[in-house]
There are 2 protein chains.
Amino acid sequence: MKKTRKILLSEKEMPRQWYNILADMPNKPLPPLNPATREPIGPEALAAVFPMGLIKQEVATERYIDIPDEVLDLYKTYRPSPLFRAVNLEKALGTKSKIYYKYEGGNYSGSHKANTAIAQAYYNKEEGIKRITTETGAGQWGSAMSFACHHFGLELLVFMVRVSYDQKPGRKIMMKAYNAQVVASPSTMTAAGRKVLELDPESPGSLGIAISEAMEVAVQDPYTKYSLGSVLNHVILHQTIIGQEALLQMEKAGDYPDVVIGCFGGGSNFSGIAFPFLREKLLNDKNIRLLTVEPASCPKLTKGKFMYDFGDSAGMTPLLPMYTLGHNFIPEKIHAGGLRYHGAGVLVSQLLKDGFIEAKAKMQMECFEGGVLFARTEGILPAPESNYAIAGALDEARKADIEGVSRTILFNLSGHGHFDISAYEKYFEGNLPDHELTSSEVEEAISKIQLPD
Amino acid sequence: MKKTRKILLSEKEMPRQWYNILADMPNKPLPPLNPATREPIGPEALAAVFPMGLIKQEVATERYIDIPDEVLDLYKTYRPSPLFRAVNLEKALGTKSKIYYKYEGGNYSGSHKANTAIAQAYYNKEEGIKRITTETGAGQWGSAMSFACHHFGLELLVFMVRVSYDQKPGRKIMMKAYNAQVVASPSTMTAAGRKVLELDPESPGSLGIAISEAMEVAVQDPYTKYSLGSVLNHVILHQTIIGQEALLQMEKAGDYPDVVIGCFGGGSNFSGIAFPFLREKLLNDKNIRLLTVEPASCPKLTKGKFMYDFGDSAGMTPLLPMYTLGHNFIPEKIHAGGLRYHGAGVLVSQLLKDGFIEAKAKMQMECFEGGVLFARTEGILPAPESNYAIAGALDEARKADIEGVSRTILFNLSGHGHFDISAYEKYFEGNLPDHELTSSEVEEAISKIQLPD
């Protein structure tokens, strides 16, 4: 029997800087636009919503940005995170390839979201902000933010999508345990919420509505700011700690990946692991593939259109250049709630357009099959989102075996599935419908995109 | 701000031996007795239920027992486990004392149960056993055993107490994800189960009934054995890896505990962390206190009687010398399901009787208050069982502050509370009743103990 291998870094080896891919992109992304004037917006346009520390990171062009000491202190409670060689999974597959995974579910929040939650709470605290508002779907982001805010002495108000609030109480209670205020959205606290409730008092809510509510509360008070858990440049910057560590760990393992894989919602966990490897490709000609895996029911990267669109359903953000299915597109209710987002972040969109990364779409059922195989061999029960990365890794291993070669595969296991157990229940009941958005459905969705004149 | 400190061991520093306290006990425990003859039983009497490898450990007198390579290999996927200095908790308390905790919830199973599950599955596999039966209440033990059995190619049949099976589906589904067969107990699979169902078709079940069912299935087939997750000497032996590591980690921290604390159900997590420190007290005159914390509603150590009693409700085990509330005692349904056991293991019972360890009982509500304070300061949401250890640690810190001294406190954080979130929901609703078993209720319970003539 081969040994299961865990590759650890010491605290001293933990990277002290985040990596900013913007510095090394051959084609820089197009600027965000003011929806009314179609003129590029400057950083000051974001000041009502975000603290300056984060706005500076949003537009930063330096290659490396120092991680503040107080952020490092909290990172050190769970970082460096382990990187595993999945020898038992390899054995079960009978593959010649080597499969590695970086595990980001070992922290208090159970996912990679802690990496940016801690940083965002810190920069808000530094500027004297007293309260943060945010939205959450199933609650991974909300629970990551709850503890981070409490740690830095900030209040947190979370607008949780009503259907999740009612049906998935686990993370709601976790947020309360971390002292956050959690409100079902749509709520009567905001004009945006009241407007929805007037039309439909039984509205199940949506991430788009919850974002509108959280932003509305934030802009009304100078000591309250808003926080987002994916998509934006500064969020992705914070997640690069994952790939920075993984690079060192692969080196310790005496190996180097042929392909790096992440599941794809807004882009933060994929970019977090992949961008430091992409730097090695761009600067040092390292031959490597970077692969995103998205749900076939929400295929913005594989079937969406590259265009200016809003980041939120209500149209409160600037216009952003990205692959999108339309900001009002409502994805099927697959269990990987974190992947149910209509668009892709600006950085990933530009890099995909330029051919530096690849995208593929997978069905839900096959991803859960991969997740269960992973749990039975490697022990960790994965988050439904992470199952897409696993399925992508299994594809790569099987393809290599068919080609008769051995490849080195690295994927990001972004979180555990302890609060998503009902999705596994439905899997075992054979009650996980597959849904693939057809090209004509995509065309129809995109044709409905309405931008202001 | 002080830094949160994490004390890690490298894989090379991981202990390669379990520690057997029996070698160093001044008074050895009384022997187990045959209930019919009242004669001491030999190891062969256990052969229908356990494999010889584990029976040998049950009666072993050597001080150290080597951990087999295959067990070490699987341990290495999550061990050595981290030891933390709880600096943020200390700060919130404003205490002069230092509080450390060993975290055993970071593995696949979410609790210390993995340490013995892996070892037990291994020894069964080594002897050609094909299937294991066991019982589980809320499911921590069952899920730990499920993955371990699947890893070593064994089938697992889990009798899960009916009320948990219906009300707490999370760990049931986790066990299925690890490929175990899970049956609600009482079941129609066994004579014991059918007998209960005849009297009460709606029976909610009990741990005692589930044990009887699991043992009944095991003794009928030479390739099937039974497995228990606490109480027995070999189980406690496997858990000593916790304290063996913690000793090294406290040394790395340049510190030494004045008191070591664990919550108490059957004894395995407390003994696991405490016995290696007790060795230092017995052999090297180290001045240290060892404190168990049990629920006031199930106070076998603080109010129970030291006597021969059965380990299970149905009376299928040998008679064991232990502190007990009576093998038919049904504890209140507190949320720390793992602490709802009528008796204490033989080793802990003898050591308590001889004054080497201390015991105290705490109310549920205060323990959850401690657990929520811990979550908000240290980030990890504790298992309800672990909240008793936290409450014990908080008592020690507050007492030291009143006395005007600084003490070094170490406790075992035995698991996370991700699957126990409904207990926290009840806490926030103010719906966690306190219950203290009075001395007269204890007397009444003990007066009902019926042993065979």
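In case you missed it, the structure is sitting above this.
Conventions used here
- Residues numbered from 1 in each chain as written.
- Chains lettered and ligands numbered in written order.
- Predicted model: local features only at pLDDT ≥ 70, side-chain atom pairs only at ≥ 80, totals over all residues.
- Heavy atoms only, no water.
- Helix = DSSP H or I, 4+ residues; strand = E, 2+ residues; numbered from the N terminus.
- Expected span 1.5 Å × (residues − 1).
- Buried < 20%, exposed > 50% of the residue type's maximum accessible area, 1.4 Å probe, protein only.
- Pairing = 2+ DSSP bridges.
- Axes fitted to C-alpha atoms, helices over the stretch in contact; angles between N-to-C directions.
- Contact = heavy atoms within 4.5 Å.
- Buried area = accessible area lost by both parts, 1.4 Å probe.
- Salt bridge = Lys/Arg side-chain N within 4 Å of Asp/Glu carboxyl O.
- Polar contact = N/O pair within 3.5 Å; in protein donor to acceptor, adjacent residues only side chain to side chain.
- Nonpolar A, V, L, I, M, F, W, Y, C, P; charged D, E, K, R; others polar.
- Least-squares fit on C-alpha atoms with pLDDT ≥ 70 in both.
- Core = buried A, V, L, I, M, F, W, Y, C linked by side-chain atoms within 4.5 Å.
- Phe/Tyr/Trp six-rings, centres within 6.5 Å; stacked < 30°, edge-to-face > 60°.
- Disulfide = S-S within 2.5 Å.

> Before we move on, could you go through helix H15 (residues 384-403) of chain A and cite the residues and values that matter?
Residues and elements named next belong to chain A. The end-to-end C-alpha separation of H15 is 29 Å, in line with the 28 Å expected for 20 residues at 1.5 Å each. Taking burial as the measure, the 20 residues of H15 include 15 buried ones, the bulk of the element. Gly404 sits one or two positions beyond H15 and adopts a positive phi of about 75°.

> Let's hear about the sheet that holds strand S7 (residues 155-161) of chain B: which residues, and what values?
Residue and element names in this part refer to chain B. The strand order across the open sheet built from 4 strands is S8-S7-S6-S9, with neighbouring strands paired in parallel fashion. In this open sheet, the two edge strands, each paired with only one partner strand, are strand S8 (181-185) and strand S9 (224-226). Along the sheet, successive strands turn relative to each other by an average axial angle of 25°, direction set aside. The pairing of strand S6 (residues 131-136) with S9 spans 3 bridges and is parallel. Counted as the bridge partner of Arg131 is Thr224 from S9. Sheet strands in contact with helix H5 (residues 140-151) are S6 and S7, and its direction is about 165° off that of S6.

> Give a detailed account of the sheet that holds strand S7 (residues 155-161) of chain A, specifying residues and quantitative values.
Residue and element names in this part refer to chain A. Spatially, the 4 strands line up as an open sheet ordered S8-S7-S6-S9, and their pairing is parallel. Lying at the two open borders of the sheet, with one neighbouring strand each, are strand S8 (181-185) and strand S9 (224-226). Mean inter-strand twist for the sheet, computed between neighbouring axes without regard to direction, equals 25°. The strands touched by helix H9 (residues 207-219) within the sheet are strand S6 (131-136), S7, S8 and S9, with S6 carrying the most contacts at an inclination of about 170°.

> Any details on the interface of chain A and chain B? Residues and values, ideally.
One frequently used descriptor of interface size is the decrease in accessible area upon assembly of the parts. The interface is formed by 40 residues belonging to chain A together with 40 residues belonging to chain B. At the boundary of chain A with chain B, total buried surface from both sides reaches about 3,600 Å², with 62% on carbon and sulfur atoms. Considering only the side of chain A, the residues that lose the most area to chain B are Ile173, Arg376 and His418 of chain A, jointly responsible for 18% of the buried surface there. Taken together, chain A and chain B are joined by 0 salt bridges. At the surface where chain A touches chain B, the tally comes to 13 residue pairs in polar contact (both at pLDDT 80 or more). Counting only elements with at least two residues in the side of chain A that touches chain B, the list comes to helix H2 (69-75), helix H5 (140-151), helix H7 (169-177), helix H14 (364-378) and helix H16 (421-428) of chain A. Residues of the side of chain A that touches chain B, tallied by class, amount to 18 nonpolar, 11 polar and 11 charged.

> Tell me about the relation of the copies chain A and chain B, residues and numbers included.
Here chain A sits on chain B after a turn of 180° about the axis and a move of 0.0 Å along it, with an RMSD of 0.0 Å. The operation mapping one copy onto its partner corresponds to a two-fold rotation axis. With an isologous cut-off of 70% or more, the 100% of interface residues of chain A that recur at the interface of chain B puts this contact in the isologous class.

> Pulling in residues and values, what's your account of the nonpolar core?
With 84 residues, the main nonpolar core has Trp18, Tyr75, Tyr108, Ile118, Phe275, Phe277 and Leu410 of chain B as its most contacted residues. In terms of nonpolar packing, the next biggest core, distinct from the first, is built from 83 residues, Leu72 and Ala184 of chain A together with Ala375 and Tyr427 of chain B among them.

> Give me the pattern of salt bridges: which residues, what numbers.
Two side chains of opposite charge can pair, provided their charged atoms sit close to one another. Scanning the model with the defined rule gives 40 salt bridges over all chains in all. Of the charged contacts, one joins Arg289 of chain A and Glu358 of chain A as a salt bridge, the two residues approaching to 2.8 Å between their closest N and O atoms. Residue Arg289 of chain A is located in strand S11 (residues 289-295), and its partner Glu358 of chain A is located in strand S14 (residues 358-362); the two are separated by 69 residues in the primary sequence. Since its relative accessible area comes to 25%, Arg289 of chain A is described here as partly exposed. Here Glu403 of chain B and Arg407 of chain B are joined by a salt bridge, their closest N and O atoms 2.5 Å apart. Residue Glu403 of chain B is classed as partly exposed on the basis of its relative accessible area, which comes to 44%. Several salt bridges share partner residues, and in doing so they unite Arg79, Lys102, Glu104 and Glu245 of chain A into one network.

> Summarise the packing of aromatic side chains; cite the residues concerned and give the values.
If you walk through the whole model with that rule in mind, you get 36 aromatic pairs over all chains. Ring centres 6.1 Å apart and planes at 25° place the aromatic pair Phe368 of chain A and Tyr427 of chain A in the stacked group. Residue Phe368 of chain A is found in helix H14, and its partner Tyr427 of chain A is found in helix H16; the two are separated by 59 residues along the sequence. Taking 4.9 Å as the distance between ring centres and 75° as the angle between the ring planes, the aromatic pair formed by Tyr101 of chain B and Phe374 of chain B counts as edge-to-face.

> Lay out helix H1 (residues 52-59) of chain B with the relevant residues and their values.
Along H1 of chain B, the positions that sit buried rather than exposed are Gly53, Leu54, Ile55, Gln57 and Glu58 of chain B. Tucked into the core, H1 of chain B has its buried residues touching strand S2 (17-19), strand S3 (64-66), helix H4 (113-126) and helix H10 (233-252) of chain B.

> Outline the state of the cysteines, supporting the account with residue identities and numerical values.
All names here are of chain A. In the structure shown here, the tally under the stated rule is 0 disulfides over all chains. Unpaired in terms of disulfides, Cys263 finds its nearest cysteine sulfur in Cys367, a separation of 9.5 Å. Among the residues examined, Cys263 registers a relative accessible area of 2% and is labelled buried.

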